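# Summary of structural features
Each chain is listed here by its residues.
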Amino acid sequence: MANLTITDDDSVLSDSINHDESQDVYKKCFTLRDYYKQCLSFYHKGKDVIKITYQDKIRLTALWKQASVGKYDPSKIPEVGYFDVVGNDRKIAWEGLGDMAKEKAMEEFCSLVEKIAPELEAYLEAQCREIEENRRKKLEEERRKREEEEQRRREEEERLERERLLKIEEQKRREEAEREEQRKKEESLKAEQERTSLIQAKPQVNGSPSIAPASLWSRPKVQEFIQHVRTDPGSVLVVGRGETITVRVPTHENGTCLFWEFATETYDVGFGVSFEWTLPSSEAITVEVHEDEDGETVQDGEHDETQKQRIDEILPTIRRPCNEEVMVGSHLYPGRGVYLLKFDNSYSLFRSKTLFYRVYYTR
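Scoring rules and cut-offs
- Residues numbered from 1 in each chain as written.
- Predicted model: local features only at pLDDT ≥ 70, side-chain atom pairs only at ≥ 80, totals over all residues.
- Heavy atoms only, no water.
- Core = buried A, V, L, I, M, F, W, Y, C linked by side-chain atoms within 4.5 Å.
- Buried < 20%, exposed > 50% of the residue type's maximum accessible area, 1.4 Å probe, protein only.
- Helix = DSSP H or I, 4+ residues; strand = E, 2+ residues; numbered from the N terminus.
- Contact = heavy atoms within 4.5 Å.
- Disulfide = S-S within 2.5 Å.
- Axes fitted to C-alpha atoms, helices over the stretch in contact; angles between N-to-C directions.
- Parallel < 35°, antiparallel > 145°, perpendicular 65-115°, else oblique.
- Left-handed = near helix turned anticlockwise from the far one by under 90°.
- Phe/Tyr/Trp six-rings, centres within 6.5 Å; stacked < 30°, edge-to-face > 60°.
- Salt bridge = Lys/Arg side-chain N within 4 Å of Asp/Glu carboxyl O.
- pLDDT = per-residue confidence, 0-100.
- Expected span 1.5 Å × (residues − 1).
- Arc of directions from axis to C-beta.

Looking at an unreviewed UniProt entry, one finds the protein named Golgi resident GCP60 and attributed to Paramuricea clavata.

As structure tokens, then:
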């Protein structure tokens, strides 16, 4: 009669046994339902060695059924045969419990097991210790997880703080770099102002500062230079036979140094640089052609508008082999005025020269 035999199957208590720690403790560390479960498990494991009378066995079976499914119900067990003495005794005992509550049946079951099995006490003590140890381990695991979570949280906060500080540091570095750049610009401007002041403080000649020498050098690849400059018609001049062309280049308010480059396709040409101490009316570059009746160059001083202006020679006008190399030069502004770049072909009475030139300023 499997249906009337005690087992420790938890499913029979699915609506009764639970581990709700909010329930009152019945005995030791157990609630009533857990205590009943422990007694049931102990009995099932030791039923073959526990000394128990036939009547107590029948009683335990009836209480077990009552605690498991409630009041006796013939439909819940198969029909018991007439000659099945044990089955009939169990059925009669279960039926005799009447309307006894499940909790009451559990209590009586536990009391009877305590009475017939003194060893239950030690078993329950061991179970309590195991439960307490498991609870301790569970609490320890929860604490460890909380600490790990807290550690991760702190590490994340520290990471974010490091990122924030790095951004602040990077911002400071950028601001410092900008300040340094601004400082250098200011120092450069100050140095330029001091240089200008020093230039202006040099010994005066007719009320104007003295002139520093120019730099002049040459470089190869004449044809490459000519092809590049040829694309700008304003940078191509024809110096006629016996002529001198003067390119007037005013100083620029944003510049500090003048650069020039020039070359010819064939034959050389004379070149010289002077500086006219006059405030330019504009920054436009102009070209003047000079030739007298004898083919001689007319000097600047012979013009009425420049007679009263001081003109200092920076480079003497001599023939330059600009058909062989690109002539390059520079000169630091001595002040405000106009550079006179003279291209002299007055010595050639039969040949005109095509000149390719470029002038520009730097800060």
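Still to come is the rest of the account.
### Side note on the nonpolar core
Counting 33 residues, the largest nonpolar core has Tyr36, Leu60, Phe109 and Leu120 as the members making the most contacts within it. Put simply, the parts of the chain that give this core at least two residues each are α1 (32-46), α2 (54-69), α4 (102-116) and α5 (120-201). In this structure, Leu60 is in contact with Ile6, Tyr43, Ile52, Phe109, Leu112, Val113 and Ile116, ignoring residues within four places of it in sequence. Listed in part, the 24 residues of the second largest apolar core include Leu237, Phe262, Trp277 and Leu315.

### A few points about the state of the cysteines
Evaluated as defined, the whole model comprises 1 disulfide. The disulfide bridge from Cys29 ends at Cys128, spanning 2.3 Å between sulfur atoms. The sign of the S-S torsion, about -105°, decides the handedness of the disulfide formed by Cys29 and Cys128: left-handed. Here Cys29 is found in the segment before α1, whereas its partner Cys128 is found in helix α5, with 99 residues between them in sequence. You can call Cys128 buried: its relative accessible area is 11%.

### Thoughts on the packing of α1 against α2
Put simply, α1 and α2 touch, their axes get as near as 13 Å, and they point 140° apart. Considering their axes alone, α1 and α2 lie oblique with respect to each other. α1 and α2 meet at a crossing whose hand is left-handed. Along its contact with α1, which presents Tyr36, Leu40 and Tyr43, the element α2 presents Lys57, Leu60, Trp64, Ala67 and Ser68.

### Some remarks on the packing of aromatic side chains
Evaluation of the coordinates by the stated rule reveals 15 aromatic pairs. An angle of 70° between the planes, with centres 5.2 Å apart, marks the rings of Tyr36 and Phe109 as edge-to-face. One end of the pair, Tyr36, is in helix α1; the other, Phe109, is in helix α4, and 73 residues separate them in sequence. For Tyr36, a relative accessible area of 0% gives the class buried. With a relative accessible area of 0%, Phe109 lands in the buried category. Measuring from ring centre to ring centre gives 4.5 Å for Phe262 and Phe271, while their planes differ by 40°; the resulting arrangement is tilted. For Phe262, a relative accessible area of 1% puts it in the buried group. A network of ring pairs unites the aromatic residues Trp260, Phe262, Phe271, Phe343 and Tyr357 as a single cluster.

### A few points about the pattern of salt bridges
Per the stated rule, a full pass over the model turns up 33 salt bridges. Linking Glu141 and Arg144 is a salt bridge whose minimum nitrogen-to-oxygen distance equals 2.2 Å. With a gap of 3 residues between them, Glu141 and Arg144 both fall in helix α5, about one helical turn apart. Among the residues examined, Arg144 registers a relative accessible area of 32% and is labelled partly exposed. Each of Glu150, Arg153, Arg154 and Glu157 takes part in a single network of salt bridges with overlapping partners.

### With respect to the confidence of the model for the protein
Chain-level pLDDT for the protein is 84 on average; 85% of the residues reach the 70-or-more range. Confidence drops under pLDDT 50 across residues 14-19; counting only partners more than four residues distant or on other chains, this segment forms 15 contacts. Note that residues 293-306 has pLDDT below 50 and, in this model, 21 contacts with residues that lie over four places away or in other chains.

### Focus on α4
Each α-helix winds once per 3.6 residues, and so residues spaced three or four apart point in a common direction. Compared with an ideal rise of 1.5 Å per residue, which puts 15 residues at 21 Å, α4 spans 21 Å between its outermost C-alpha atoms and is within 8% of the ideal. Listed as buried for α4 are Ala105, Met106, Phe109, Cys110, Leu112, Val113 and Ile116. Within α4, the buried residues cover an arc of 165° as seen down the axis, which keeps them to one side.

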